[in-house]
Amino acid sequence: MDFSDIVGQKEIVESLKNKIASGRVGHAYIFSGPKGIGKKTMARIFAGLLLCEEGSGGRRCGKCMPCRLFDSGSNPDFREINPADASIKIDDIRDMQSDIIIRPLYSDRKVYLIVDADRMTEQAQNCLLKTLEEPPSYAVIILTSSNNDALLETILSRAANYSFRKNTPEEVKEFLKSKNIHGNKPVDFIVSYADGIIGTAVELADSDEFTTIREKTIDLVIKLSDSKLASIFNIYKFFDENKSNIETILNIMVLFYRDLIIAKKEQFGHILINSDKKDIILDNARRFSLRKLLDNIEAVETAHKNLKQNANYQLTIEVMLMKIQEE
């Protein structure tokens, strides 16, 4: 892969290309942005270019020894550090420091990629800081982060920070088309749901489970509008069986209620997120008042917030369902 394979992020691509072309490559970079936005992909492409002997114009030659070793995953001048379990610990950084003092074998540089650097413990960050303060002249350290607030201010100040923007819907759709996403996949919905994050779009497009969960969730939303209070506890079974997908389910619910509001107001200048469900949306919009749809969205978002704060799962979902069912 090279920079031509990156969708969007043109400003970042041009900046990195210019740094390589001018020879003004810094010692530390932070690629920050939402999970799935392409930070790690960009970092690996950048690392490969930094190690390549003959590349130009944002492309590796693919033929030199550093490139061949990089492609085979065995270039000793490149090391990728990933979180073990929940965090990156001080021993991981110490191992990197033991390696970084050894001069590169095949390239002019050694490149270290710390993935999810925001998951470093405070001790690990303080340890890394010593290297960032006095890095070897040949070393480049790239950190990816989804939460810069978790990084020490002293680390942020010693690295060039590149903030990744979300892709446009057109960019996401074009990427999915390039990957031959078609058939019965709800591409328009996936694009809207992904909210500009290509990694999310690809994950959903490849998931048959997501398609099934979406169908069942929409069916559940419709049933809830007719449910008697006693049936809520039967409906809860669906949520109990899908705890690992609860965030997805709640997001689908909010987006479907949002489409019902658009249909209710007959604002079809706005594109329905669930465009493949237009007939179902139009048939059911009349069953809800605008106030009720807004209340339902609030109930779902409150449940989402409470679950993130580790509230009791069953109680949170049952309260949400009762609020949705209320007249």
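Below: a short report on this structure. (Residues numbered from 1 in each chain as written. Predicted model: local features only at pLDDT ≥ 70, side-chain atom pairs only at ≥ 80, totals over all residues. Heavy atoms only, no water.)

**Looking at the pattern of salt bridges**
The criterion, for reference: In the sections that follow, a salt bridge refers to a side-chain nitrogen of Lys or Arg positioned within 4 Å of a carboxyl oxygen of Asp or Glu. Numbering of helices and strands starts at the N terminus; helices are DSSP runs of H or I of at least 4 residues and strands are runs of E of at least 2. Each residue's exposure class comes from its accessible area (1.4 Å probe, protein chains only) as a fraction of the maximum for that residue type: buried when under 20%, exposed when over 50%, partly exposed otherwise.
Overall, the coordinates contain 18 salt bridges when judged by the stated rule. K17 is the partner of E14 in a salt bridge, and the nearest nitrogen-oxygen pair spans 3.6 Å. Taken as a pair, E14 and K17 lie in helix α1 (residues 10-22) at a separation of three residues, close to a single helical turn. A relative accessible area of 39% means that E14 is categorised as partly exposed.

**Some remarks on the packing of helix α10 (residues 208-224) against helix α11 (residues 232-241)**
The line we're drawing: Axes here refer to lines fitted to C-alpha atoms; in helices the fit is confined to the stretch in contact. Angles between the N-to-C directions go from 0 to 180 degrees. Put simply, angles under 35 degrees are roughly parallel, angles over 145 are roughly antiparallel, angles from 65 to 115 are roughly perpendicular, and the rest are oblique. For any helix crossing, the convention is left-handed if the near helix is rotated counterclockwise from the far helix by under a right angle, and right-handed if that rotation is clockwise. Working rule for contacts: check all heavy atoms of both residues, and any pair within 4.5 Å makes them a contact. Under the convention adopted here, Pro, Cys and the residues Ala, Val, Leu, Ile, Met, Phe, Trp and Tyr are nonpolar, Asp, Glu, Lys and Arg are charged, and Gly plus all remaining residues are polar.
Running from N to C, α10 and α11 point in directions that differ by 165 degrees, and their axes come no closer than 11 Å. By the criterion of interaxial angle, the relationship of α10 to α11 is roughly antiparallel. Judged by the twist between their axes, the crossing of α10 over α11 is left-handed. Of the residues in α11, those touching α10 at I213, K216, T217, L220 and L224 are I232, I235, F238 and F239. Of the residues that constitute the contact of α10 with α11, the class distribution is seven nonpolar, one polar and one charged.

**A short note on the packing of aromatic side chains**
Defined as follows: Only the six-membered ring of Trp is used, alongside the rings of Phe and Tyr, when aromatic pairs are assigned; centres must lie within 6.5 Å, and planes under 30 degrees apart are stacked while those over 60 apart are edge-to-face, with the rest tilted. Consider the ring centre and the ring normal. A charge sits over the ring if Lys NZ or Arg CZ is within 6 Å of that centre and within 35 degrees of that normal.
All chains considered together, the criterion is met by twelve aromatic pairs. Ring centres of F31 and F164 lie 5.5 Å apart, and the angle between their planes is 50 degrees; on these two criteria the pair is classed as tilted. Taken together, the residues span a long stretch of sequence, with F31 in strand β1 (residues 28-32) and F164 in the loop between β5 (160-163) and α7 (169-178) at a distance of 133 residues. Cluster of aromatic residues (ring-pair linked, three or more members): Y29, F31, F46, Y162 and F164. A cation sits over an aromatic face here: R214 above F189, 4.1 Å from the ring centre.

**What to know about unusual backbone geometry**
Phi is positive for Q9, which is not a glycine, with a value near 55 degrees. Considering the arrangement of structural elements, one finds Q9 in the segment before α1. Residue Q9 is classed as buried on the basis of its relative accessible area of 2%. Here the phi dihedral of D195 falls at roughly 55 degrees; this positive angle occurs in a residue that is not glycine.

**Let's talk about the environment of E133**
Along the chain, the position of E133 falls in helix α5 (residues 122-133). A relative accessible area of 43% places E133 in the partly exposed class. Linking E133 and I90, residues 43 residues apart in sequence, is a C-alpha distance of 17 Å.

**Remarks on the state of the cysteines**
Selection criterion: Here, the term disulfide refers to a pair of cysteine sulfur atoms separated by no more than 2.5 Å.
In the structure shown here, the tally under the stated rule is zero disulfides. Free of any disulfide, C52 has its nearest neighbouring cysteine sulfur in C67, separated by 3.5 Å.

**So, helix α14 (residues 290-308)**
Basically, it comes down to this: To estimate the expected span of a helix, count its residues, drop one, and scale the result by 1.5 Å. Comment: arc refers to directions from the helix axis out to C-beta atoms.
When the terminal C-alpha atoms of α14 are compared, their 27 Å separation across 19 residues agrees well with the 27 Å that a helix rising 1.5 Å per residue should span. Of all the residues in α14, the buried ones are K292, L293, N296, I297, A299, V300, A303, H304 and L307. Angular distribution of buried residues about the axis of α14 spans 155 degrees; they occupy a single face of the element. Along α14, the residues that are exposed and aim more than 90 degrees away from the buried face are R291, K305 and K308. Tucked inside the fold, the buried residues of α14 contact α12 (246-265) and α15 (313-325).

**Section: the packing of α11 against α15**
Two elements in contact, α11 and α15, have axes separated by 10 Å at closest approach and are oriented at 130 degrees. Our classification of the angle between α11 and α15 gives oblique. Note that α11 runs across α15; the crossing there is right-handed. Contacts between α11 and α15 involve I232, F233, I235, Y236, F239 and D240 from the first element and Y313, Q314, I317, E318, M320, L321, M322 and Q325 from the second.

Any functional reading would require information that these geometric values do not contain.
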